[in-house]
Amino acid sequence: MAKSSADDQELRRACEAAIEGTKQSVVMSIRVAKSRGMWGKTHKLGRDMAKPRVLALSVKNKGQRTKAFLRVFKDSSGGVLEAAKLYKLKHLSKVEVLTNDPSGCTFTLGFDNLRSQSVAPPQWTMRNIGDRNRLLLCILNICKDALDQLPKVVGIDVVEMALWAKENTPADSSKKNQQEDPAASTVTERDLKVTVDKELVSQAEEEDMEALLGTYVMGIGEAEAFSERLKRELLALEAANVHAILESEPLMDEVLQGIEAATNCVDDMDEWLGIFNVKLRHMREDIESIETRNNKLEMQSVNNKALIEELDKLLKGLHIPTEYSTCLTGGSFDEARMIQNIEACEWLAGAIRSLQVPNLDPIYANMRAVKEKRAELEILKATFVRRASEFLRNYFASLVDFMISDKSYFSQRGQLKRPDHADLRYKCRTYARLLQHLKTLDKNCLGPLRKAYCSSLNLLLRREAREFANELRASTKASKNQTAWLEASTGSGQNVNAADTSTVSEAYSKMLTIFIPLLVDESSFFAHFMCFEVPALVPPGGTANGDKSEYNDDDPTDDDLGIMDIDDNDSKAGKQTGELAALNESLQDLLDGIQEDFYAVVDWAYKIDPLRCISMHGITERYLSGQKADAAGFVRLLLGDLESRISMQFSRFVDEACHQIERNERNVRQMGVLSYIPRFATLATRMEQYIQGQSRELVDQAYTKFVSIMFVTLEKIAQTDPKYSDLFLLENYAAFQNSLYDLANVVPTLAKFYHQASEAYEQACTRHISMIIYAQFERLFQFAKKIEDLMYTIAPEEIPFQLGLSKVDLRKMLKYSLSGLDKSISAMYKKLQKNMTSEELLPSLWDKCKKEFLDKYESFAQLVNKIYPSETIPTVTEMRELLASM
């Protein structure tokens, strides 16, 4: 009992010393033979520096099986050790010294049975390398001897560790034979010797030691005696401790048996848990499979519900309401039923669009039900379009027939009736939206409808234009004007008939004022009513010529159809080219034939006064310049044809007048001013009065043709009598200038011909005067001509010695030519006056004649003074004085 108590006390002191130390780890060796106390066979005790824990290694023999444990104790309150953890060394797989600790005192123990592999293995730090090696060698020896297995060692040099173990083995450590019987085991004092290192103590510790020594009635100097006494007490306590341990062996056996049973239960529990784990895994797989099938069923249910909703929606779109079907296949087109017809059209168009690919999922497009419903809708559409087209064709024809049969719609005798289509358009507007829906359903159906509308309305327009034109001509009072303006049979002094024919132009202007806006409005109404995608023709309240409209079918503020565009595509310029071509073709059918009544008015006006073509041309040009809208293309063509017709008639008048001028050539001999010269001035004055707007070009072209023919004819007539041709030309050119002087100042074209006539007049005067001078003084100027010719070949002083040019010949010539000079000059004046019909030209011509004679005589006098210096002739001054006195 004493030995057991002593061992128990020594072990407890070692554990308490390990717990109480805060800066070091206490490791002690305890050798106990066959100790079966609470620690088993304990080999090593250690304390970690970071965490206050105690390690204990124990080996337990159970029959043929040997178990080794690593126990971890922790300090509880009151200084009592409590078990913290228990590790089985049979599961120790690795011993690793950590390299991140330079001292090498930190190591880890890896166990292969840890529940969670993510948990770090136990880590311990010893005070020095010796303590570490001592603990690790003890663990390795137990694993080798008791368990016949070695863990993997990492980070430790095994040879170096073996050398350390050899060096640190005590020389007197002889192994004692330990008896298996606990009662026979003995413990020697040397075996139980505890080595305590001497350390320096502090003053507080020294005071505590003095207080302790005082309890034993010893002084501080009696340390040896106190030490011996403590040793004896320590040995006694250890022996008592060992004895107490040996006495508690049966209790320990029971505890160990309970632990063994608990361990077995734990092992069985582990096996059962493994079985349960397998069953739970299979159950988990079954649950996952059930959940997968459940998810599929839920998804199938959702898909079926969505499919049913989609099919319901599709069936709803495929359903044809009975009221719409009845309206489309057999409904009435009366005005009261138009709202229902429009709603049915809108539904039908929407239903057809909903079954087309952009609006319908391509998956549904090939379904048989969709194809059948689409075919059924197409049949409905074809039926409705056919019925509506037939109704509208008959409706248009009936409207026009009713208006034609009522004479109050047209002009009558003594009353001009302005065409009024307000009621017609109002009735047509009722079906405007129907036409737009028909275009949406079947664009090709509009072609026959447009032709039917144009054919019917064309009859009405032609009837209105014909009746209006007939009554307009009958009600206009105007005298027929003279057409032979330049006829040669009329005397030059006879006045031309100048009757007032302004009512003719007014009648033509009234025809255009009434019908051009009407035709433009009809074109605009037709373009929009028949759903042509073109811009508006004229702005609101405006007309084709830009003035305030005199023609208004309805309220002035209402110039549209009063409907809204369904497709809102009227502003798209990309489609306008093809639409304009189709519109102009339809307008040709609508207005074709009406131009004949305008032509009749133009021809009637031409017969009354051809010059009124000038004013009618200006009026037409003004209307034509106002037609800028492409949709009024036929109206532009009509005005262009009218302008061409007027130009043709005026050209006909100009050609006839030119033939009148050319007939002057047929006369055998004509003297004086031709008759067409002053008559042309009167014609030009009248033409200038008729010019309106842009008809200046037409008149200028006529002037050019007139004057060109006049001048050519004048030259031809002058060549018939060369003796008097120059006199004839200068008289006519002078008359042309005198008659057109005022007009030439304001008309550029006439000014050009005025200057041309002036040049021709000067040339004719020069030739005629020269002929008269040469005829009276022929020998004088012939002598001068001979001298001038010889001066090119011989010297001047040799000329008097030439034949016929001697001084004697000079004196004979002077005597013949200059004797009776006043009589010769009087004879020259009489010759100039002879055969001249325009007496007003004689003074200017005589002045030119005297000037020309003096110039020639001066040249002659200079030649005589140079060639015949000794000869005396009348001086130039004397000659000028003589001419001035005549």
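Because the structure is predicted, anything quoted here is derived from the model rather than measured. (Residues numbered from 1 in each chain as written. Predicted model: local features only at pLDDT ≥ 70, side-chain atom pairs only at ≥ 80, totals over all residues. Heavy atoms only, no water.)

A. Spotlight on the overall build of the protein. Per the secondary structure count, the protein includes 28 helices and eight strands. Within the protein, contacts between residues at least 6 apart in sequence are counted, and of these 72% link residues at least 24 apart. Total accessible area computed for the protein in this model is approximately 49000 Å², and 52% of it derives from carbon and sulfur atoms. (Helix = DSSP H or I, 4+ residues; strand = E, 2+ residues; numbered from the N terminus. Contact = heavy atoms within 4.5 Å. Areas by Shrake-Rupley, 256 points an atom, 1.4 Å probe, with all protein chains shown as cover.)

B. Fine view of the confidence of the model for the protein. Scored by pLDDT, the protein has a mean of 75; 76% of the residues are at 70 or more. At the low end of the mean pLDDT range in the protein sits strand E1 (residues 41-47), at 38; at the high end sits helix H16 (residues 595-608), at 89. Counting contacts from residues 14-51, a segment whose pLDDT is below 50, to residues more than four positions away or on other chains yields 88 contacts. With pLDDT under 50 throughout, residues 172-199 is counted as low confidence; its partners more than four residues away or in other chains account for 27 contacts. (pLDDT = per-residue confidence, 0-100.)

C. Inspection of a nonpolar patch on the surface at higher detail. A contiguous nonpolar patch, built from Met269, Trp272, Leu273, Ile275, Phe276, Leu280, Met283 and Ile287 and spanning about 800 Å² of accessible area, is present on the exposed surface. With respect to the element layout, Trp272 can be found in helix H6 (residues 249-318). (Patch = residues over 30% accessible without salt bridge, like charges linked within 9 Å, V, L, I, M, F, W, Y side chains within 5 Å. Salt bridge = Lys/Arg side-chain N within 4 Å of Asp/Glu carboxyl O.)

D. Molecular detail of a negative patch on the surface. Side chains of Glu206, Glu207, Asp208 and Glu210 sit close together on the surface and give a patch of like negative charge. When you line up the elements, Glu207 lands in helix H4 (residues 203-215). (Lys, Arg positive; Asp, Glu negative; His and termini not counted. Charge placed at Lys NZ, Arg CZ, Asp CG, Glu CD.)

E. Local environment of the nonpolar core. Phe706 and Phe860 are the most contacted members of the largest nonpolar core, which totals 175 residues. Top element by residues in this core is helix H14 (residues 502-529). It accounts for 15 residues. (Core = buried A, V, L, I, M, F, W, Y, C linked by side-chain atoms within 4.5 Å. Buried < 20%, exposed > 50% of the residue type's maximum accessible area, 1.4 Å probe, protein only.)

F. Region of interest: the sheet that holds strand E5 (residues 92-97). Reading across from one edge, E7-E6-E5-E8 is the order of the four strands in this open sheet, with mixed pairing throughout. Every interior strand has two partners, whereas the edge strands, strand E7 (123-125) and strand E8 (152-154), have only one. Shown here is a sheet whose adjacent strand axes are inclined to one another by a mean of 20 degrees, direction ignored. The pairing of strand E6 (residues 106-111) with E7 spans three bridges and is antiparallel. By the bridge assignment for E7, Thr106 is matched with Thr125. With respect to the sheet, helix H2 (residues 129-145) is in contact with E5, E6 and E8, its orientation differing from that of E5 by roughly 160 degrees. (Pairing = 2+ DSSP bridges. Axes fitted to C-alpha atoms, helices over the stretch in contact; angles between N-to-C directions.)

G. Broad picture of the packing of helix H13 (residues 446-475) against H14. Relative to each other, H13 and H14 sit at 170 degrees, their axes nearing to 12 Å. Here H13 is positioned roughly antiparallel relative to H14, judged by the angle of their axes. Packed against H13, whose contacting residues are Arg450, Tyr453, Cys454, Leu457, Leu461, Glu464, Ala465, Phe468, Ala469 and Leu472, the element H14 presents Ala507, Lys510, Met511, Ile514, Phe515, Leu518, Leu519, Glu522, Phe525, Phe526 and Phe529 at the interface. Of the residues belonging to the contact of H13 with H14, the class tally is 17 nonpolar, no polar and four charged. (Parallel < 35°, antiparallel > 145°, perpendicular 65-115°, else oblique. Nonpolar A, V, L, I, M, F, W, Y, C, P; charged D, E, K, R; others polar.)

H. Representation of the packing of aromatic side chains. Enumeration according to the criterion identifies 25 aromatic pairs in this entry. Centroid distance Tyr453 to Phe526: 5.6 Å. Interplanar angle 20 degrees. Geometry classified as stacked. Highlighted residues: Tyr453 in helix H13 and Phe526 in helix H14, separated in sequence by 73 residues. Overall, Tyr453 belongs to the buried group, its relative accessible area being 3%. Taking relative accessible area as the criterion, Phe526 reaches 0% and is therefore assigned buried. Each member of the aromatic cluster is reached from another via a ring pair, and the members are Phe391, Tyr395, Phe396, Tyr431, Tyr453, Phe525, Phe526, Phe529 and Phe532. The residue whose ring lies beneath Lys752 is Phe753, and the NZ or CZ to ring-centre distance is 4.9 Å. (Phe/Tyr/Trp six-rings, centres within 6.5 Å; stacked < 30°, edge-to-face > 60°. Lys NZ or Arg CZ within 6 Å of the ring centre and 35° of its normal.)

I. The side chain of Thr476, seen in detail. The residue Thr476 is located in the loop between H13 and H14 in this model. Looking at Thr476, the relative accessible area reads 14%, which means it is buried. A distance of 2.7 Å separates the side chain of Thr476 from the backbone oxygen of Leu472, its partner in a polar contact. Apart from residues lying up to four places away in sequence, Thr476 is in contact with Thr503, Val504, Ala507 and Trp604. (Polar contact = N/O pair within 3.5 Å; in protein donor to acceptor, adjacent residues only side chain to side chain.)

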